[in-house]
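Topology and contacts: notes
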Amino acid sequence: MKEILQENSDAVRQAGEALVEIGTELAAGRIENALGRLEAAQQQYRAWAELDQAIIDIQEAVHDRKNTLAVQQILTELVGTILGSALRTGMH
């Protein structure tokens, strides 16, 4: 995840700056201004699309990793069961 964020550091910085501006408006209770800034930021910072893609890439990597670990666990249990049965059969 860190690498993906570093690769998109400009987008991350721009998004952070825009979020600070929007947060300032929200903290002051100026909701309409905050929503206006959000809309303007979405149009101005096309790099947010790159950041969105980076987030998707991170989520896919985590999902793939979880799937890989689950498959490895299942295969390990299966091999253990087979070896256990083979050993018990060979001992009798």
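Since we're looking at a predicted model, the values are computed, not measured.

Criteria and thresholds
Residues numbered from 1 in each chain as written. Predicted model: local features only at pLDDT ≥ 70, side-chain atom pairs only at ≥ 80, totals over all residues. Heavy atoms only, no water. Helix = DSSP H or I, 4+ residues; strand = E, 2+ residues; numbered from the N terminus. Rg over C-alpha atoms; globule rule 2.2 N^0.38 Å. Buried < 20%, exposed > 50% of the residue type's maximum accessible area, 1.4 Å probe, protein only. Contact = heavy atoms within 4.5 Å. Salt bridge = Lys/Arg side-chain N within 4 Å of Asp/Glu carboxyl O. Expected span 1.5 Å × (residues − 1). Arc of directions from axis to C-beta. Patch = residues over 30% accessible without salt bridge, like charges linked within 9 Å, V, L, I, M, F, W, Y side chains within 5 Å. Areas by Shrake-Rupley, 256 points an atom, 1.4 Å probe, with all protein chains shown as cover. pLDDT = per-residue confidence, 0-100.

On to the overall build of the protein chain. For the protein chain, the helix and strand inventory stands at 4 helices and 0 strands. Along its sequence from the N terminus, the protein chain presents helices and strands in the succession α-α-α-α. Scaling as 2.2 N^0.38, a compact globule of 92 residues should have a C-alpha radius of gyration of about 12 Å, whereas the protein chain reaches 25 Å, well beyond that. Principal-axis analysis of the C-alpha atoms places the extent of the protein chain at approximately 80 × 30 × 15 Å. Put simply, the protein chain has 92 residues, and 17% of those count as buried. Partitioning the intrachain contacts of the protein chain with sequence separation of at least 6 by distance along the chain shows that 55% fall at a separation of at least 24.

Next up on the list: the pattern of salt bridges. Going through the model one piece at a time under the given rule, you end up with 4 salt bridges. E17 is the partner of R13 in a salt bridge, and the nearest nitrogen-oxygen pair spans 3.1 Å. You can see R13 and its partner E17 sitting in helix α2 (residues 9-27), 4 residues apart, about one turn around the helix. Here E25 makes a salt bridge to R37, at a shortest N to O gap of 3.2 Å. Placement of the pair is E25 in helix α2 and R37 in helix α3 (residues 31-44), with a sequence separation of 12 residues. Given the relative accessible area of 35%, R37 is considered partly exposed. Overlapping salt bridges bring together E21, E25, R30 and R37 as one network.

This part covers α2. Over its 19 residues, α2 runs 26 Å from end to end, which matches the ideal 27 Å to within 8%, given 1.5 Å per residue. For α2, the set of buried residues is A11, A15, A18, I22 and E25. Down the axis, α2 shows its buried residues gathered within 80° of arc, on one side only. Exposed positions of α2 whose direction lies more than 90 degrees from the buried face are V20 and A27. Downstream of α2 by a residue or two, G29 has a phi angle that is positive, lying close to 80°.

Here we take up a nonpolar patch on the surface. Taken together, the side chains of L26, I31, L35 and L38 present a nonpolar region at the surface, about 350 Å² in accessible area. The leading source of residues in the nonpolar patch is α3, at 3 residues.

On average, residues of the protein chain carry a pLDDT of 79, and 91% of them reach 70 or more. Averaged pLDDT values over the elements of the protein chain bottom out at 76 in helix α1 (residues 2-7) and peak at 84 in α2.

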